[in-house]
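Architecture at a glance
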Amino acid sequence: MHPRTPSLVSKPSVLTNFLQALVAIILGNVVYFALIPSLPAAARHRPLHLDLGIILDFWFCLVAYGLIRTARKWR
């Protein structure tokens, strides 16, 4: 392959990555919203603000993504 030629990515792998990310976001949000009643007020997201709640929600999505990727490597 020529050094200036971009490497090609197969469409199935792009679709797989997209679906994994989508499932991780959905699962992370489900967990976060299920836990909202038991979270302290500081950890609850307020719309249109960057606060601990949105960071916590992102963390749940990130953990879900990591678990999905780990489970796929074990297969």
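Quick caveat, the model's predicted, so the values are computed rather than measured. (Residues numbered from 1 in each chain as written. Predicted model: local features only at pLDDT ≥ 70, side-chain atom pairs only at ≥ 80, totals over all residues. Heavy atoms only, no water.)

1. Some words on the overall build of the protein
- A count of helical and extended segments in the protein gives two helices and zero strands.
- The 75 residues of the protein split such that 19% are buried.
- Put simply, the protein shows about 6300 Å² of open surface, and 73% of that area lies on carbon and sulfur atoms. (Helix = DSSP H or I, 4+ residues; strand = E, 2+ residues; numbered from the N terminus. Buried < 20%, exposed > 50% of the residue type's maximum accessible area, 1.4 Å probe, protein only. Areas by Shrake-Rupley, 256 points an atom, 1.4 Å probe, with all protein chains shown as cover.)

2. Describing the side chain of aspartate 57
- Within the secondary structure layout, aspartate 57 lies in helix 2 (residues 52-74).
- No salt bridge is formed by the buried aspartate 57. Its closest oppositely charged neighbour is arginine 44, at 13 Å.
- If we skip the residues at most four places from it in the chain, aspartate 57 touches Gly28, Asn29 and Tyr32. (Lys, Arg positive; Asp, Glu negative; His and termini not counted. Salt bridge = Lys/Arg side-chain N within 4 Å of Asp/Glu carboxyl O. Contact = heavy atoms within 4.5 Å.)

3. Considering the packing of helix 1 (residues 11-35) against helix 2
- For the pair helix 1 and helix 2, interaxial distance at closest approach is 7 Å and the crossing angle is 135 degrees. The orientation of helix 1 with respect to helix 2, classified from their angle, is oblique. Two packed elements cross with a definite hand, and for helix 1 against helix 2 that hand is right-handed. (Axes fitted to C-alpha atoms, helices over the stretch in contact; angles between N-to-C directions. Parallel < 35°, antiparallel > 145°, perpendicular 65-115°, else oblique. Left-handed = near helix turned anticlockwise from the far one by under 90°.)

4. Looking at helix 2
- Compared with the 33 Å implied by 1.5 Å per residue over 23 residues, the 33 Å span of helix 2 between its first and last C-alpha is a close match.
- Here helix 2 has its buried residues at Gly53, Asp57, Phe60, Cys61, Ala64 and Ile68.
- At its buried positions, helix 2 is contacted by helix 1. (Expected span 1.5 Å × (residues − 1).)

5. Quick word on a positive patch on the surface
- A cluster of like positive charges, contributed by Arg69, Arg72, Lys73 and Arg75, occupies part of the molecular surface.
- Mapped onto the elements, arginine 75 comes out in the segment after helix 2.
- The exposed category is assigned to arginine 75, whose relative accessible area is 79%. (Patch = residues over 30% accessible without salt bridge, like charges linked within 9 Å, V, L, I, M, F, W, Y side chains within 5 Å. Charge placed at Lys NZ, Arg CZ, Asp CG, Glu CD.)

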